[in-house]
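Structural characterization, general
Chain by chain, the residues:
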Amino acid sequence: MPRFIDTHAHYNDKAYKEDAQEAIDRALEAGVFKILMPDIDSKERKSLFALCESRPGVLLPMLGLYPGSVGKDWEAEIEDMMRYSEKEIAAIGEIGLDYHYSAETADLQKAAFKAQLELAAKMNLPVNIHLREATEDFFEVLDSCRHLALRGNLHAFSGSYETFCRLSKYGNWYVGIGGVVTFRKSRLAEEVKRIPLDRILLETDAPYLTPAPYRGKRNESAYIPLIAEKIAAVKNIDIDEVAEVTTANAITLFNI
């Protein structure tokens, strides 16, 4: 059986209140042997680490302040975050910029984002990036941090090959491909065809962005093979190759 890593899933989300452990078991049965869990903010952090500690070696926590949670108290939020910095952390994430719902906090988001990029460099950790409707500001902040030699991934990537190429100029960067690649009306499959496999990570963003044919239902890491199958089809390669290369990519980036 091919072995996969889900590089982004939220099993401490309320969608799994009743059956998180069962969903994780289904992932393991599907060949997904590690799952990275992004941090959101101080309200969810305790449950995140508690769940990860219940599945050592399978659930791997990140540490970060989600852009949608950034407010005037963002510095206090990051200070709270640092109480967990001595734990085993896979990445600083999910961090970034999101102007879809929170454009009014753009300046605060950029300040918090830059501070966390600097933190990642100080801790020698990769970053897991959430980016929505803020591409130019994202690259502006990245430009200001070129000296930090950052590495990371753009999670839930749905952009163009040109955006991928632009990102690649900043060093060791990957894109996380999830359920959107399976959507019938999405153009992502055409873009993925052009993105090198050695720059791709697999992810679900569970419970969100469920791949076809389960779109509209709750997502799970057990659906990672469906995403891998679609990537294999558009690239005209075997799913075993997708599994092998994307797993190696995740192991390399996150040092797991």
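Model, not experiment: these values are computed from the prediction. (Residues numbered from 1 in each chain as written. Predicted model: local features only at pLDDT ≥ 70, side-chain atom pairs only at ≥ 80, totals over all residues. Heavy atoms only, no water.)

1. A look at the overall build of the chain
Helix and strand counts for the chain come out as ten helices and eight strands. Its C-alpha atoms give the chain a radius of gyration of 17 Å, near enough to 18 Å, the size a compact globule of 256 residues would have. Principal axes of the C-alpha set define a box for the chain whose edges measure 45 × 40 × 30 Å. Buried residues in the chain amount to 56% of all 256 residues. Taking the contacts inside the chain whose residues are at least 6 apart along the sequence as the reference set, 74% of them involve residues at least 24 apart. Entry remark: accessible area of the chain is about 11,600 Å², with carbon and sulfur atoms responsible for 48%. One way to put it: in the chain the 31 positive side-chain charges average out to a point 3 Å from where the 40 negative ones average out. (Helix = DSSP H or I, 4+ residues; strand = E, 2+ residues; numbered from the N terminus. Rg over C-alpha atoms; globule rule 2.2 N^0.38 Å. Buried < 20%, exposed > 50% of the residue type's maximum accessible area, 1.4 Å probe, protein only. Contact = heavy atoms within 4.5 Å. Areas by Shrake-Rupley, 256 points an atom, 1.4 Å probe, with all protein chains shown as cover. Lys, Arg positive; Asp, Glu negative; His and termini not counted. Charge placed at Lys NZ, Arg CZ, Asp CG, Glu CD.)

2. Some words on the layout of surface pockets
Its volume calculated, the largest pocket comes out at about 850 Å³. If you trace the largest pocket, you find 33 residues lining it, with H130, R132, H155, A156 and D205 closest to the centre. Of all the secondary structure elements, the ones that give two or more residues to the lining of the largest pocket are strand 4 (92-98), helix 4 (99-102) and strand 5 (127-132). Among the elements that take part in the lining of the largest pocket, strand 5 stands out by supplying three residues, more than any other. Tallied by class, the residues present in the lining of the largest pocket amount to twelve nonpolar, twelve polar and nine charged. One number sums up the size of the second largest pocket: a volume of about 360 Å³. In this structure, the second largest pocket is lined by 20 residues; those nearest its centre are L60, P61, E88, I89 and A90. Partitioning the lining of the second largest pocket into residue classes produces 13 nonpolar, three polar and four charged. (1 Å grid on protein atoms, 1.4 Å probe; cavity = no way out; pocket = protein on both sides within 12 Å on 5 of 7 lines; lining within 4 Å. Points joined across faces, edges and corners; volume = space filled by probe spheres on them. Nonpolar A, V, L, I, M, F, W, Y, C, P; charged D, E, K, R; others polar.)

3. Describing the packing of helix 6 (residues 135-144) against helix 7 (residues 161-168)
For the pair helix 6 and helix 7, the least separation of the axes is 11 Å and the interaxial angle reads 15°. Looking at the two axes, helix 6 sits roughly parallel to helix 7. Seen from above, helix 6 lies across helix 7 with left-handed handedness. Here T135, E136, F138, F139 and L142 of helix 6 come into contact with helix 7, specifically with T163, R166 and L167. (Axes fitted to C-alpha atoms, helices over the stretch in contact; angles between N-to-C directions. Parallel < 35°, antiparallel > 145°, perpendicular 65-115°, else oblique. Left-handed = near helix turned anticlockwise from the far one by under 90°.)

4. Quick look at the nonpolar core
Ranked by size, the top nonpolar core spans 72 residues in total, and within it L117 and I177 carry the most contacts. L60, M62, A90 and Y174 belong to the second largest nonpolar core, which has twelve residues in total. (Core = buried A, V, L, I, M, F, W, Y, C linked by side-chain atoms within 4.5 Å.)

5. A word on the sheet that holds strand 1 (residues 4-6)
Strand pairing in a sheet takes place through backbone hydrogen bonds and is either antiparallel or parallel in direction. As summarised here, the arrangement of the three strands in space is 1-2-3, forming an open sheet in which the pairing is parallel. Each of the sheet's edge strands pairs with one partner strand only, and the pair in question is strand 1 and strand 3 (59-61). Put simply, the sheet's adjacent strands are angled 20° from each other on average, direction ignored. In the packing of helix 2 (residues 42-54) onto the sheet, the strands contacted are strand 2 (32-37) and strand 3, and the crossing angle to strand 3 comes to about 145°. Of the strands in this sheet, strand 1 and strand 2 are in contact with helix 10 (residues 239-254), which crosses strand 1 at around 55°. (Pairing = 2+ DSSP bridges.)

6. Some words on the sheet that holds strand 5
Taken in spatial order, the five strands make up an open sheet running 4-5-6-7-8, and their pairing is parallel. Of all strands in the sheet, those bounded by a partner on one side alone are strand 4 and strand 8 (200-202). Neighbour-to-neighbour, the strand axes of this sheet turn through a mean angle of 30°, independent of strand direction. Relative to strand 5, strand 4 runs parallel, the two being bridged by six bridges. Bridge pairing in strand 5 links G96 to H130. Along the sheet face, helix 5 (residues 106-123) touches strand 4 and strand 5 and points at about 155° away from the line of strand 4. Across the face of the sheet, helix 6 comes into contact with strand 4, strand 5, strand 6 (151-154) and strand 7 (172-177) while running at roughly 150° to strand 5.

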